[in-house]
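Now for the letters of each chain:
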There are 2 protein chains.
Amino acid sequence: MSPKKEQLIAVATDLFSRHGFHPVGVDRILSEAGVARMTLYNHFPGKDDLISAVLDRRYHDIMASLRACVEPTSSAREQLRAIFAWHEAWFATPEFSGCLFERALAEFGTDYPKISDVAIQYKKTMTAWMGDMLKTHLPEQTATRLASILLILLDGATIDARAFHDPTVATRAWGAAEAIIEREIALTSSNPARR
Amino acid sequence: MSPKKEQLIAVATDLFSRHGFHPVGVDRILSEAGVARMTLYNHFPGKDDLISAVLDRRYHDIMASLRACVEPTSSAREQLRAIFAWHEAWFATPEFSGCLFERALAEFGTDYPKISDVAIQYKKTMTAWMGDMLKTHLPEQTATRLASILLILLDGATIDARAFHDPTVATRAWGAAEAIIEREIALTSSNPARR
DNA sequence: CATCTTATACTGATCGTTCTATCTATTCCA
DNA sequence: TGGAATAGATAGAACGATCAGTATAAGATG
């Protein structure tokens, strides 16, 4: 990919993260990236598509970073713990400013599919991934329901970590997740009929 | 309060809820409210203050609505259940479009205190309220930690309910909350030394 | 030669905000 | 009861700034 296009995405990601999508104008991205106006419009039909590209990039980066943190050979619980730990480390990052997908959803709603689709896909992918981990210990239906709860915990933790500038919410979220998982496993194993 | 001011807040609330804060211009609020330009600027120094007033109003409305749903004489668990049920009913509302406080935080971050303070105050109030309920059954420190988890669950459920257009996340969130509370109560009562 | 990037000027629209001048309703005093 | 004073609301023009996007032509790189 063109280095100019790369830099546009990188600078746009930084600016959008710090100030939001609407408040950051094309002009600012251009001057901060040191790129000419027409170069942007040669690579992207419009600002919407730049936003979309930023979210796409972010999606792949995050998934790659997450997968690198999760040892596929370890137990399901260990893998889930790694996901929550990844979030805590992320929250503690100085540049942490919430989840870009959530903020895109908050600013644009679900009316701009080009933008919101990535955000929703991210949620679905995470839920499915965690669901797969849980299915090694739990019946499918239970695992799916539990995964949706884990997503709620991760999303809620991300929101509150930003609002309170407090990375430790991830620890409490993981504590809650562990309690729920343990309870469900205990219920299932003590009552094999549920399998 | 002046009826014109009232209507400005009402119309602005509706438009902000449906489209976000940045995309809705002053002109649109004025024309939709049938109010003259200068009338707005006589009541509010600027758009920021109108947003702030909208959030303030929302804060008081929500707290009043919540308090009306929570029977003060019933048990702590019943009160908490009522809070989660209130959220589920809210999610199922046709005009539900996420939490306006969260969306204000997402759009403006914590750099505009006039706007973000209300959002953060709402979170703190909710946490303290739920913490007080839990303190009737649990030691203070445990109750505080648990309340922060309940807030995570409520915030996460609100986010996901909007993203997936699915009000039932509230039910799963409450199931998780119940599990965590039960476990904590069992732990405390079986080990009085923790009191 | 061809492709990419550059700079600059420009479009038409919209942004939040201010100004002016007129209109309407209430209030207060004679 | 009548008339002036006051306050609030009105319409509409205009402000300078910024918005996303386009046009054009020269410069760079291979």
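All of these numbers come straight from a predicted model, not from anything done at the bench.

Cut-off values and rules
Every residue gets a number counted from 1 within its own chain, in the order that chain's sequence is written. Here every chain gets a letter starting at A, and every ligand a number starting at 1, in the order they are written. It should be noted that, the model being predicted, local features are given only for residues of pLDDT at least 70 and side-chain atom pairs only at 80 or more, the latter also being counted only at that level, while totals for whole chains, interfaces and linings use all residues. Hydrogens and water are ignored here; the side-chain numbers use all heavy atoms of the structure. UniProt positions are given in the numbering used here, feature names are shortened, and annotations may be inferred rather than shown by experiment. The helix count covers DSSP runs of H or I at least four residues long, the strand count covers runs of E at least two residues long, and both are numbered beginning at the N terminus. By convention in this text, a residue qualifies as near a molecule or strand provided that one of its non-hydrogen atoms is within 4 Å of it. Residues adjacent in sequence count toward polar contacts only when both atoms are side-chain atoms; beyond that, a polar contact is any pair of N or O atoms within 3.5 Å, and within protein one must be able to donate a hydrogen and the other to accept it. As a working rule, the residues Ala, Val, Leu, Ile, Met, Phe, Trp, Tyr, Cys and Pro are called nonpolar, Asp, Glu, Lys and Arg charged, and the rest polar, with Gly in that last group. When accessible area is computed with a 1.4 Å probe and restricted to protein chains, residues below 20% of their type maximum are described as buried, those above 50% as exposed, and intermediate ones as partly exposed. Only buried residues count toward a nonpolar core, which is a set of Ala, Val, Leu, Ile, Met, Phe, Trp, Tyr and Cys residues joined through side-chain atoms within 4.5 Å. Contacts were defined at the residue level, with two residues in contact if any of their heavy atoms lie within 4.5 Å. Using a 1.4 Å probe, buried area is obtained as the accessible area two parts lose upon being combined, added over both of them. The salt bridge criterion pairs a side-chain nitrogen of Lys or Arg with a carboxyl oxygen of Asp or Glu, the two atoms within 4 Å. When the copies are overlaid, the least-squares fit takes in C-alpha atoms only where the residue has pLDDT of at least 70 in both copies. As a rule, the C-alpha atoms of each element are fitted with a line to give its axis, helices using only the stretch in contact, and angles between N-to-C directions run from 0 to 180 degrees. To sort the angles, those under 35 degrees are grouped as roughly parallel, those over 145 as roughly antiparallel, those from 65 to 115 as roughly perpendicular, and the leftovers as oblique. When the near helix sits turned anticlockwise from the far one by under a right angle, the crossing is termed left-handed; a clockwise turn instead gives a right-handed crossing. One less than the residue count of a helix, multiplied by 1.5 Å, gives the span that helix is expected to have.

**Q** Before we go on, may I ask you to explain the UniProt feature "DNA-binding region" (unreviewed entry) in chain A in this structure?
**A** Here the UniProt feature "DNA-binding region" (unreviewed entry) sits at residues 25-44 of chain A. The span residues 25-44 of chain A is 75% helical and 0% strand by assignment, and the distance between its end C-alpha atoms comes to 15 Å.

**Q** Could you clarify how one ought to interpret the protein's contact with DNA strand C in this entry?
**A** Taken together, 18 residues lie near DNA strand C, and A:Lys4, A:Thr39, B:Val26, B:Arg37 and B:Lys47 sit nearest. Backbone polar atom of A:Ala36 to a phosphate oxygen of DNA strand C: 2.9 Å apart, as the coordinates give it. A distance of 2.4 Å separates a base oxygen of DNA strand C from a polar atom in the side chain of B:Arg37. Mapped onto the surface near DNA strand C, the elements with two or more residues apiece are helix H3 (37-43) of chain A together with helix H3 (37-43) of chain B. Here the surface near DNA strand C gets 5 residues from one element, more than from any other, and that element is H3(A). Considering only residue class, the surface near DNA strand C consists of 7 nonpolar, 7 polar and 4 charged.

**Q** In this structure, what is going on with the protein's contact with DNA strand D? I would like to understand it.
**A** Around DNA strand D, 17 residues are found, and the nearest of them are A:Val26, A:Arg37, A:Lys47, B:Lys4 and B:Thr39. Within 4 Å of the protein, atoms of DNA strand D come from sugar and phosphate in 56% of cases. Between DNA strand D and A:Lys47 there is a distance of 2.8 Å, counted from a phosphate oxygen to a backbone nitrogen or oxygen. B:Lys4 has a polar side-chain atom sitting 2.8 Å from a phosphate oxygen of DNA strand D.

**Q** I'm lost on the UniProt feature "domain: HTH tetR-type" (unreviewed entry) in chain A in this one. Help?
**A** Summarizing the sequence annotation, UniProt attributes the feature "domain: HTH tetR-type" (unreviewed entry) to residues 2-62 of chain A in the numbering used throughout. Note that residues 2-62 of chain A is 79% helix and 0% strand, and that its end C-alpha atoms are spaced 22 Å apart.

**Q** Please clarify how the environment of B:Ala176 should be interpreted in this entry.
**A** Residue and element names in this part refer to chain B. Tracing the backbone through its elements, the reader meets Ala-176 in helix H9 (residues 169-190). The buried category is assigned to Ala-176, whose relative accessible area is 1%. Separated by 71 residues in sequence, Ala-176 and Leu-105 have C-alpha atoms that sit 26 Å apart.

**Q** Where do I start with the nonpolar core in this structure?
**A** What tends to happen in soluble globular proteins is that the nonpolar side chains get buried as a cluster. In terms of nonpolar packing, the biggest core is built from 140 residues, with A:Leu153 and B:Leu153 touching the most fellow members. In this view, A:Leu153 contacts A:Phe84, A:Ala173, A:Ala176, A:Ala177, A:Ile180, B:Ile152 and B:Leu153; residues no more than four positions away in its chain are not counted.

**Q** What's the story with the interface of chain A and chain B in this structure? I'm lost.
**A** One frequent convention defines the size of an interface as the accessible area lost when the parts assemble. The interface is formed by 36 residues belonging to chain A together with 36 residues belonging to chain B. The junction of chain A with chain B conceals about 3000 Å² of combined surface from both sides, 67% of it contributed by carbon and sulfur atoms. Inspection of the region where chain A meets chain B yields 4 salt bridges. A salt bridge links A:Glu182 to B:Arg183, with the shortest nitrogen-to-oxygen separation between them at 3.6 Å. Summed over the shared surface of chain A and chain B, the result is 8 residue pairs in polar contact (both at pLDDT 80 or more).

**Q** Would you explain the pattern of salt bridges in this entry?
**A** Between side chains of opposite charge, pairing is possible as soon as their charged atoms come close. Summed over all chains, the structure comprises 26 salt bridges over all chains. The salt bridge involving B:Glu78 is made with B:Arg81; its shortest N-O contact spans 2.7 Å. A residue pair is termed a helical-turn pair when its members lie 3 or 4 positions apart in one helix, as B:Glu78 and B:Arg81 do in helix H5 (residues 76-92) at 3 residues. The partner of B:Lys135 in a salt bridge is B:Asp132, with the nearest N and O atoms 3.7 Å apart. The exposure class assigned to B:Lys135 is partly exposed, which follows from its relative accessible area of 35%. One connected set of salt bridges, linked through shared partners, spans A:Glu102, A:Lys123, A:Asp155 and B:Asp160.

**Q** Looking at this structure, I do not really get the relation of the copies chain A and chain B. What am I missing?
**A** What relates the pair of chain copies is a rotation about an axis plus a shift along that axis. Of the transformation placing chain A onto chain B, the axial shift is 0.0 Å and the rotation is 180°, giving an RMSD of 0.0 Å. In the structure described here, the two chain copies are related by an operation that fits a two-fold rotation axis. Taking C-alpha positions as the reference, the residue of chain A nearest the rotation axis is A:Gly156, at 1.9 Å. Most of the interface of chain A is mirrored in chain B, where 100% of its interface residues are also at the interface.

**Q** Teacher, can you tell me more about the packing of helix H5 (residues 76-92) of chain A against helix H9 (residues 169-190) of chain A here?
**A** Residue and element names in this part refer to chain A. Direction vectors running N to C along H5 and H9 enclose 165°, while the axes themselves pass 9 Å from each other. Judged by the angle between their axes, H5 and H9 are roughly antiparallel. The two elements H5 and H9 cross, and the hand of that crossing is right-handed. For the pair H5 and H9, the contacting residues are Arg-77, Leu-80, Arg-81, Phe-84, Glu-88 and Phe-91 in the first and Val-169, Ala-170, Thr-171, Ala-173, Trp-174, Ala-177, Glu-178, Ile-181 and Glu-182 in the second. In terms of residue class, the contact of H5 with H9 is built from 9 nonpolar, 1 polar and 5 charged.

**Q** Hey, could you run me through helix H8 (residues 140-164) of chain B in this one?
**A** One turn of an α-helix holds 3.6 residues; hence residues three or four places apart share an orientation. Helix length check: H8(B) (25 residues) gives 36 Å between terminal C-alpha atoms against 36 Å at 1.5 Å per residue, within 8%. Where burial is concerned, most of H8(B) is hidden: 20 out of the 25 residues are buried.

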